[in-house]
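Breakdown of the fold
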Amino acid sequence: MRAVSATRSSHGSGRGPAVLLAATMLLAACGGDATTAAPTGTTTTTGGTEPVVGRCGDPERLSDSLNFYNWAEYIDEAVLKAFEEECGVAITMDTYTSNEEAVAKIQAGDSGYSLLIPTDYAVQILISEDLLRPLDMANIPNVANVDPNQMGLYYDPDNTYSLPYQYSTTGLAYNASEFETPPDSWAVLFDQNEHCDRSSLLEDQREVIGAALVYLGYDWNETDPAAHEEALDLLLNVRECVTGFDSSNYIGNLASGDILLAESWGFAAGIARLDNPDVAYVIPKEGGTIWQDNFVIPADAPDPYTAEVFINFMLEPDIGALITEYTLGFTPNLEVEPLLSEDYHTIIDEGGIAIDDEVRERLTFQVRGEEHAIFAETWESLVAAG
Amino acid sequence: MGRASADRPPRRAALLMGPGTALITLTYVIPGLLILLYSFLSPKLGGGVRWDFSLDTYRALVAPDVRAALYNDYVTVLVRSVVWAGIATGVCLALALPVAVFIHARRSTTARYALLVAIMIPFWTSMLVRTYALRSLLSTTGVLNGVIERLFGDTIIFLSTPKAVILGLIYTALPFMILPVYAAVARVDPHLLEAGRDLGANPAQTFRRVFLPSIRAGTVTGCVLVFVLSVSQFIVPALLGGGKINMIANLIELQFGESFNWPLGAGLAIFFSALTLLGLRVVGRRTQEVELP
């Protein structure tokens, strides 16, 4: 769903101040002996179950290493280093660039991974295949920090298997210097697009067809063949002149000004804005999507306890701040909010990426069931066209 | 040679053939059979297959009538792949011939080797990296468009058009044409060309009726290699076509990825492999002397 590796590295410098600030907070939080320091927001006992000591759990039960499977460029490496230094667990991180890739790897079995971060619908698929292990919340006391609004969602109603990592939206990114009035509708992309040859759509069947469906007045998850026929007609026209379906290169191209209008992930618009303040973002009035990436532990995970301790560690406020400053997504961690830097807020608020209650009402989660196979058919007709 | 091999004890033949056969069986035959099996099963959400026998895959591939066939997405993509691979093969052949003759005409062995090495140098870099390089070269703000803009005052959009994809196919496959064609050119007996001239043929006739037939084996080999390589290209259309100019391999990949339809992907792969093998067989029949390096 999201692959930003091509652009991330070139943006490291742009985030300098934010990262530095977060790193200072981290140092402050874990100064002195890691086991005796009393970090904010962590309880040290949880009644009858195993006591959780500090931020590293029970050292007796921790493994020496942990295999972590994550989206490419989706965590500040400082988080991994901090966990290693504080808790003595070496983390090996492999990355993926799509949920399908991650699901396939876990489905094949014996992946060796103890933790991964799939998106909402992929969590649902993994649960339906019995591929996940229930989380032992006794080992994750920081669950108390998580925003209740981001819990209990459709894919895991009781949060038996998953906890939120970051969330963001899908909407429209544009170069503000080229638009007299800021766009507020998908119409700028789908109808009378003046910058069509410098526009792009995501390489994602659900996002592209969904956007066309909401523009035409249907639901983002609509499966009616007639609606799809209509969406296909619209998209075949748009396809003629847009530069392509692309989920990674467009971020750099937005920043460089090669692309002026793009269907975009919210966080990606933020990354482009780091380099080019003209890049702005909007959830069109017809609607956009919201999605959430989640911590889950595979059923065959070799080190589930260590994975739970690491999840808890990442739900620490200071660590959560490091993560969100890096991803430019939204944190589901209520304790993180106040720690986020001025820089982060400037990008998110002035870039139009932040969502309030009014915007939230226009956002839909994408649901994937057997009946949504029609999206694949519509997509094939779209990308196969001559 | 034929007699000598017939006299060899069969056990020795088995020993010689064994490791190679085992490797091919393990990495090609068994996965191939699995793919065939998958193509008769049902898709499962999230990837993989449900163990329910189904002919849906083949129903999707076989159009009920001619009109439907023309509008069948798979047929569109298949025809496009074959046509583009054909164009790439033709252009590669036209480019490779003069290059091969030029290299062969160098007097010094060192110069010949240096030129051959120069042709092979791109193989030292990963194809993915080279395709990315091509991408930035062809972009609207890239080097090529910089030159074009200076000369003609306007830029050409290459990326996400068939132009870029076909160019990428040619670029990727060209060495595979030059090398076998060069090998054939180097083997042409110069006396034959002299004899042609002595017998009154003009240069054009000598080229067409003596030279070309002598390098036939090399050109056919080159064409087969380039065609097979191009028709199944995945990286080039994916990176240079902007996700909207797709070839058959991209369509197959889609089924194993986002579309969650492994049986259809398997069926497409089987269908496509069968077509390619059939094509090679026809070419092989018509030219007995195809040599694969």
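Everything numeric here is computed off the predicted structure, so don't read it as measured data. (Residues numbered from 1 in each chain as written. Chains lettered and ligands numbered in written order. Predicted model: local features only at pLDDT ≥ 70, side-chain atom pairs only at ≥ 80, totals over all residues. Heavy atoms only, no water.)

Details of the side chain of A:Thr169
Residues and elements named next belong to chain A. Note that Thr 169 resides in strand E4 (residues 162-175). Exposure remark for Thr 169: the relative accessible area of 0% places this residue in the buried category. Not counting chain neighbours up to four residues away, the residues in contact with Thr 169 comprise Ser 264, Trp 265, Gly 266, Tyr 281, Ile 283, Thr 289, Ile 290, Trp 291, Phe 330, Ile 355 and Leu 363. (Helix = DSSP H or I, 4+ residues; strand = E, 2+ residues; numbered from the N terminus. Buried < 20%, exposed > 50% of the residue type's maximum accessible area, 1.4 Å probe, protein only. Contact = heavy atoms within 4.5 Å.)

Some details on the interface of chain B and chain A
Between chain B and chain A, the contact holds 27 residues from the first and 31 residues from the second. When the area that chain B buries against chain A is broken down by residue, the three leading residues are B:Leu45, B:Lys244 and B:Glu258, summing to 32%. The interface formed by chain B and chain A holds one salt bridge in total. Among the ionic pairs, A:Glu129 bridges to B:Lys44, the shortest N-O distance being 3.1 Å. (Buried area = accessible area lost by both parts, 1.4 Å probe. Salt bridge = Lys/Arg side-chain N within 4 Å of Asp/Glu carboxyl O.)

Comments concerning empty space enclosed by the protein
All names here are of chain A. Applying the stated rule across the entire model yields three cavities of 30 Å³ or more. Each pocket or cavity is described by its volume, and for the largest cavity that value is around 70 Å³. Taken together, 13 residues make up the lining of the largest cavity; nearest its centre are Tyr 165, Gln 166, Met 314, Leu 315 and Gly 320. For the lining of the largest cavity, the secondary structure elements donating two or more residues are E4 and helix H12 (317-327). Of the residues that constitute the lining of the largest cavity, the class distribution is eight nonpolar, five polar and no charged. (1 Å grid on protein atoms, 1.4 Å probe; cavity = no way out; pocket = protein on both sides within 12 Å on 5 of 7 lines; lining within 4 Å. Points joined across faces, edges and corners; volume = space filled by probe spheres on them. Nonpolar A, V, L, I, M, F, W, Y, C, P; charged D, E, K, R; others polar.)

What about the state of the cysteines?
Residue and element names in this part refer to chain A. Evaluation of the coordinates by the stated rule reveals two disulfides over all chains. Note on cysteine connectivity: Cys 56 is disulfide-linked to Cys 87, with sulfurs 2.0 Å apart. Residues Cys 56 and Cys 87 share a disulfide whose torsion about the S-S bond is about -75 degrees; that sign makes it left-handed. Of this pair, Cys 56 sits in the loop between helix H2 (16-29) and strand E1 (65-71) while Cys 87 sits in helix H3 (residues 77-87), placing them 31 residues apart in sequence. (Disulfide = S-S within 2.5 Å.)

Focus on unusual backbone geometry
A positive phi angle, near 65 degrees, is found at B:Ser160, a position not held by glycine. If you check the backbone angles, B:Phe260 has positive phi at about 50 degrees while not being a glycine.

A word on the packing of aromatic side chains
Residue and element names in this part refer to chain A. Overall, the coordinates contain 26 aromatic pairs over all chains when judged by the stated rule. Ring geometry for Tyr 165 versus Phe 295: centroids 5.3 Å apart, planes at 80 degrees, classification edge-to-face. Here the residue Tyr 165 occupies a position in strand E4, and Phe 295 occupies one in strand E9 (residues 288-296), the gap between them amounting to 130 residues. Three or more aromatic residues joined by ring pairs make a cluster, and in this case those are Tyr 74, Tyr 165, Trp 265, Phe 267, Trp 291 and Phe 295. Looking at Arg 206, its charged tip hangs above the ring of Phe 375, at a distance of 4.1 Å from the centre. (Phe/Tyr/Trp six-rings, centres within 6.5 Å; stacked < 30°, edge-to-face > 60°. Lys NZ or Arg CZ within 6 Å of the ring centre and 35° of its normal.)

Interpretation in functional terms is not warranted from these geometric data alone.
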